[in-house]
Amino acid sequence: MDIEISNHVCKRFIERFNPQLETVTNYNDRLRLAKNAINAILKDASYKSDDTRGILLISETFKAKLIVKNKTVITITPLGKKNRTNED
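Here goes a summary of the coordinates provided. (Residues numbered from 1 in each chain as written. Predicted model: local features only at pLDDT ≥ 70, side-chain atom pairs only at ≥ 80, totals over all residues. Heavy atoms only, no water.)

Our focus in this paragraph is the overall build of the chain. Counting its regular elements, the chain contains 2 helices and 5 strands. Going from N to C terminus, the chain has its helices and strands arranged as β-α-α-β-β-β-β. At a minimum sequence separation of 6, the contacts of the chain that also span at least 24 residues come to 38%. On the chain, roughly 6,200 Å² of surface is accessible, and the fraction owed to carbon and sulfur atoms is 48%. (Helix = DSSP H or I, 4+ residues; strand = E, 2+ residues; numbered from the N terminus. Contact = heavy atoms within 4.5 Å. Areas by Shrake-Rupley, 256 points an atom, 1.4 Å probe, with all protein chains shown as cover.)

This is the structure:
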């Protein structure tokens, strides 16, 4: 199954997992490198659960949580980091 990876998720990956990618001056190259890394995480990830927000995948190797909805990765966060709630 092909899963889309949005530019937004690539930016979050760079911000949360690999800030060094910000040093890549070409924007498209930076996004391509992030997408390649996220694809590796997806290949390693396994199903954890699902609900109305999407399907939760966990990669223990990369210490990452991904949520996939409608065949698109909508978020990526480090394992152990709590998701935000509407209580803010």
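Before going further, it helps to spend a moment on the packing of aromatic side chains. Aromatic ring pairs are defined here through the distance separating the ring centres and the angle between the ring planes. Overall, the coordinates contain 1 aromatic pair when judged by the stated rule. Ring centres of Phe13 and Phe17 lie 5.5 Å apart, and the angle between their planes is 15°; this geometry places the pair in the stacked category. (Phe/Tyr/Trp six-rings, centres within 6.5 Å; stacked < 30°, edge-to-face > 60°.)

Right, let's talk about the sheet that holds strand β5 (residues 72-78) for a bit. If you walk across this open sheet you meet the 5 strands as β1-β5-β4-β3-β2, and the pairing is mixed. At either end of the open sheet lies a strand with only one pairing partner, and these are β1 (4-5) and β2 (46-51). With 6 bridges connecting them, strand β4 (residues 64-69) and β5 associate as antiparallel partners. Bridging across to β5, Leu66 finds its partner in Ile76. Across the face of the sheet, helix α1 (residues 7-16) comes into contact with β1 and β5 while running at roughly 10° to β5. (Pairing = 2+ DSSP bridges. Axes fitted to C-alpha atoms, helices over the stretch in contact; angles between N-to-C directions.)

Moving on, we get to the environment of Gly80. Considering the arrangement of structural elements, one finds Gly80 in the segment after β5. In this structure, the C-alpha to C-alpha distance between Gly80 and Lys65, residues 15 residues apart in sequence, is 8.8 Å.

This part takes up the nonpolar core. Ile5, Phe13, Ile38, Leu42, Leu66, Val73 and Ile76 are the most contacted members of the largest nonpolar core, which totals 18 residues. Residue assignment for this core shows that the elements contributing at least two residues are α1, α2 (27-44), β4 and β5. Considering each element in turn, this core owes the most residues, 5 residues, to α2. Setting aside its immediate chain neighbours within four residues, Ile5 contacts Cys10, Lys35, Ile38, Asn39, Leu42 and Val73. (Core = buried A, V, L, I, M, F, W, Y, C linked by side-chain atoms within 4.5 Å. Buried < 20%, exposed > 50% of the residue type's maximum accessible area, 1.4 Å probe, protein only.)

On to the pairing of β2. Bridge count between β2 and strand β3 (residues 54-59): 5 bridges; the pairing is antiparallel. Bridge pairing in β3 places Ser49 opposite Leu56. Between the end of β2 and the start of β3, which pair antiparallel, lie 2 residues.

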